[in-house]
Every structure is written in C-alpha cells, then in structure tokens.
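Inside the fold
Each chain, letter by letter, is given below.
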Amino acid sequence: MRIGICDTTFARFDMAAAAIDELKKNAYDLKIIRETVPGVKDLPVTAKILIEEENCDIVMALGMPGPMEKDKMCAHEASTGLINAQLMTNTHILEVFVHEDEEEDPVELAKLAENRAREHAQNLIKMMYHRKAMRKEAGMGMREGKEDAGPL
Ligand code: RDL
Ligand code: RDL
C-alpha cells in the first residue's frame, strides 16, 4: 500500500508526523510518500500528483485554516479542490483540517490537531484494510479529534 501525505508550513502543528506515527503503528506493509507545501490551497494538486505520479492508493491532506474570514474562504476553496482531485482520480483524499479557532487555548488546539490526525489515520487503515470494521461504525456518530456525538 502506498500512502501519500501532504501537509503545509502554514499549520501550527505537525499533524503529518502524528498521522504517520499512527499509520506505522497500525500497519506494516505501507510506503509513505510525504510532500509539504505552503498552504491548504496548494494541497489539491499535490494530492493529485501523489496519486497520479507517485501511484498512491490513498492520500491524507492535512492543513490548518486560520481564523480570518479570508482563511475560511481559502479552506472552502481548498476543500472543493480536494473533492475535485478525488473525482478526477477516483481515489480517496482524506481531508484533515483543524481550524485555528476551534480552540482558544494553544495547548488544547495542539491536542485537537494531534488527535484528529491520529483518528483520521485510523479511519484510513479501516478504509484500506478493514472495511467491515468501518461498516460496524455506520450511524454511530463518530467524530475525529473530539468526543464522538454517538448514535441517537
Ligand atoms: O498558493 C500559495 C497560497 O495562496 C496558498 O498556500 C494558500 O493556501 C495560503 N493561505 C492563504 O493565502 C490564506 O489567506 C492559507 C490560509 N489563508 C490559511 O488559513 N491556511 C493555509 N493557507 O494553510
Ligand atoms: O475526508 C475526511 C473528512 O474531512 C471528511 O470525512 C469530512 O466529511 C468530515 N466532516 C468534517 O470535517 C466536518 O467539519 C464531517 C462534518 N463536518 C459533518 O458535519 N458531517 C460529516 N462529516 O459527515
């Protein structure tokens, strides 16, 4: 399995390191190809290149939109680009974004970034290796990085 990881220098936490650590803990036969770009809007083409030129089976795109209105616009544009790249390549790109204003306290923001990266990495493992385990969680109100909402 070839797993692409793309992340940004804009982010204030090394989410890719957390994701890679979690992936390596949960699977042994994977090759990780990592690319770092300046910001979230640079992620879609990087993810597409990882799929088409580096033959990645799945990609994680990790980024941190800032707190300003223009940052949120950037994040939405990046998201749209990531969805387009998935549709163009018929390949999943897991978007792992942590908005800088999700937590006020930098310590809490770091914890959220670490946990969300790790939990999306666990999702990737389930999607690629244990599809039945993911199906078992259908409708369970799963969330990444914070506590699950849970089923109704
Ligand atoms: O292509 C170069 C940049 O335009 C690109 O890296 C942008 O994603 C950078 N960027 C912004 O220009 C911005 O206004 C980012 C943010 N906000 C942001 O909140 N988070 C980013 N990049 O990762
Ligand atoms: O690609 C991995 C995730 O980015 C993707 O599964 C998102 O759809 C997850 N997600 C959010 O990131 C979010 O901010 C979801 C919601 N909100 C939501 O409200 N409902 C979801 N997913 O099903």
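Residues numbered from 1 in each chain as written. Chains lettered and ligands numbered in written order. Predicted model: local features only at pLDDT ≥ 70, side-chain atom pairs only at ≥ 80, totals over all residues. Heavy atoms only, no water.

An unreviewed UniProt entry lists the protein chain under the name Riboflavin synthase, with Methanobrevibacter thaueri given as the organism. We quote the UniProt Sequence similarities (unreviewed entry) comment for the protein chain here in full: "Belongs to the DMRL synthase family." Recorded in UniProt under Catalytic activity (unreviewed entry), the annotation for the protein chain is "2 6,7-dimethyl-8-(1-D-ribityl)lumazine + H(+) = 5-amino-6-(D-ribitylamino)uracil + riboflavin". (UniProt positions renumbered as here; feature names shortened; annotations may be inferred.)

A word on the pattern of salt bridges
Within this structure, the stated rule accounts for 15 salt bridges. Here Asp7 ties to Arg34 by a salt bridge, and the two come within 2.6 Å at their closest N and O atoms. Remark: Arg34 occurs in strand E2 (residues 31-37) and Asp7 occurs in strand E1 (residues 2-8); sequence separation between them is 27 residues. Residue classification places Asp7 among the buried positions, given a relative accessible area of 6%. Residue classification places Arg34 among the partly exposed residues on the basis of a relative accessible area of 35%. Where Lys25 meets Asp21, a salt bridge forms, and the shortest distance between an N and an O atom there is 3.4 Å. Linking Lys25 with Asp21, this pair stays in helix H1 (residues 15-26), spanning four residues, or about one helical turn. On the accessibility criterion, Lys25 (60% relative accessible area) is exposed. Through salt bridges with shared partners, one network takes in Asp21, Glu22, Lys25, Glu114 and Arg118. (Salt bridge = Lys/Arg side-chain N within 4 Å of Asp/Glu carboxyl O. Helix = DSSP H or I, 4+ residues; strand = E, 2+ residues; numbered from the N terminus. Buried < 20%, exposed > 50% of the residue type's maximum accessible area, 1.4 Å probe, protein only.)

Points about the pairing of E2
Bridge analysis of E1 against E2 gives seven bridges, and the strand direction is parallel. Counterpart to Gly4 in the pairing with E2 is Ile33. Between the parallel elements E1 and E2, the chain passes through H1 in a crossover that is right-handed. (Pairing = 2+ DSSP bridges. Right-handed = clockwise from strand over helix to strand, strands pointing away.)

Looking at the site of ligand 2
Taken together, Ile93, Leu94, Glu95 and His120 make up the full set of residues adjacent to ligand 2. Between an oxygen atom of ligand 2 and a main-chain N or O atom of Glu95, the distance comes to 2.7 Å. Protein coverage of the free-state accessible area of ligand 2, which is 480 Å², stands at 26%. Here the shell around ligand 2 gets three residues from one element, more than from any other, and that element is strand E4 (residues 93-97). Of the residues assigned to the shell around ligand 2, the class counts are two nonpolar, one polar and one charged. (Near = heavy atom within 4 Å. Polar contact = N/O pair within 3.5 Å; in protein donor to acceptor, adjacent residues only side chain to side chain. Areas by Shrake-Rupley, 256 points an atom, 1.4 Å probe, with all protein chains shown as cover. Nonpolar A, V, L, I, M, F, W, Y, C, P; charged D, E, K, R; others polar.)

Quick word on the site of ligand 1
Near ligand 1 you find Phe10, Pro38, Gly39, Val40, Lys41, Asp42, Met64, Pro65, Gly66, Asp71 and Cys74, and these make up its full shell. Here a nitrogen atom of ligand 1 sits 2.7 Å away from a polar atom, N or O, in the side chain of Asp71. Taken by itself ligand 1 offers 480 Å² of open surface, and the protein chains cover 72% of this. Within the shell around ligand 1, the residues separate by chemical class into six nonpolar, two polar and three charged.

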